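Spelled out from the first residue to the last, the chains are:
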Amino acid sequence: MSLADVQGPAIVNFWSTTCVACLKEMPVLQQFHEQYGAQVAMIGVNFLDTYPGAAIDFARMKKVTYPSAADACGDLQGSDLVLTGLPQFVFVKADGEAKQVAGGITSLDKIVTLAEQNLGIDLPAPRAAS
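Conventions and cut-offs
- Residues numbered from 1 in each chain as written.
- Predicted model: local features only at pLDDT ≥ 70, side-chain atom pairs only at ≥ 80, totals over all residues.
- Heavy atoms only, no water.
- Axes fitted to C-alpha atoms, helices over the stretch in contact; angles between N-to-C directions.
- Helix = DSSP H or I, 4+ residues; strand = E, 2+ residues; numbered from the N terminus.
- Left-handed = near helix turned anticlockwise from the far one by under 90°.
- Contact = heavy atoms within 4.5 Å.
- Nonpolar A, V, L, I, M, F, W, Y, C, P; charged D, E, K, R; others polar.
- Buried < 20%, exposed > 50% of the residue type's maximum accessible area, 1.4 Å probe, protein only.
- Pairing = 2+ DSSP bridges.

Trainee: Please clarify how the packing of helix H1 (residues 20-36) against helix H3 (residues 108-119) should be interpreted in this entry.
Mentor: Packed helices, taken two at a time, are described by the angle between their axes plus the distance between the axes. At a minimum axis distance of 9 Å, the contact between H1 and H3 shows a crossing angle of 60 degrees. Every pair of crossing elements has a handedness; the one defined by H1 and H3 is right-handed. Two secondary-structure elements touch here, H1 through Val 28, Leu 29, Gln 31, Phe 32, Gln 35 and Tyr 36 and H3 through Leu 108, Ile 111, Val 112 and Ala 115. Residue composition of the contact of H1 with H3, grouped by class: eight nonpolar, two polar and no charged.

See below:
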């Protein structure tokens with residue numbers, strides 16, 4: 001996978017099993033995917049984990065259903081993307097423009113706001129949790 005292949009609007013979330021903030025935001029990203037996946041693609045990228053297959057299995061165990069990929073060697077980093085910490089988001093607009101934003105969100109409202117601001121879209125208010 002290449003970031004240039006990502007069709008927007010989309011959110012790419014870089015995470016690692018060694019990042020506590022990454023693991024805490026995973027359920028919120030799943031909730032976003034369940035409510036807004038038809039409007040905004042959510043893609044997880046396990047980044048620089050020693051055992052990426054085990055990390056992807058971990059995500060499945062946590063009931064993450066949005067697509068996930070592994071970048072064990074950091075190949076996605078380049079002139080347009082430099083990850084200095086995790087978690088990290090890349091918001092990709094419909095026109096392909098991308099913006100990198102620090103992660104660590106803890107609420108659905110926060111990721112909805114970030115999506116609207118960085119993707120230039122309007123999303124309906126989050127549904128109440130059942």
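Trainee: Mind showing me how you'd approach the pairing of strand S4 (residues 88-92) here?
Mentor: Every regular strand shows the same layout, with side chains that alternate between the two sheet faces. Within S4, five of the five residues are buried, leaving the element largely enclosed by the surrounding structure. Taking every second residue as pointing to the same face, both faces of S4 are buried, with Gln 88, Val 90 and Val 92 on one and Phe 89 and Phe 91 on the other. Pairing between strand S1 (residues 10-15) and S4: five bridges, direction antiparallel. Its bridge partner lying in S4, Asn 13 is registered against Phe 89. The turn linking S4 back onto strand S5 (residues 98-102) is made up of five residues, and Gly 96 within it adopts a positive phi angle of 95 degrees.

Trainee: Explanation requested: the sheet that holds S1 in the structure shown.
Mentor: Within a sheet, neighbouring strands are paired by backbone hydrogen bonds and run either parallel or antiparallel to one another. If you trace the five strands from one edge of the open sheet to the other, you get S3-S2-S1-S4-S5, paired in mixed fashion. Of all strands in the sheet, those with a lone pairing partner are strand S3 (68-71) and S5, marking the two edges. In this sheet, neighbouring strand axes are inclined to one another by 25 degrees on average, regardless of whether the strands run parallel or antiparallel. H1 rests against S1, strand S2 (41-47) and S4 of the sheet, and its axis sits at about 160 degrees to S1. On top of the sheet, H3 reaches S1, S4 and S5; it is set at about 45 degrees to S4, its chief contact.

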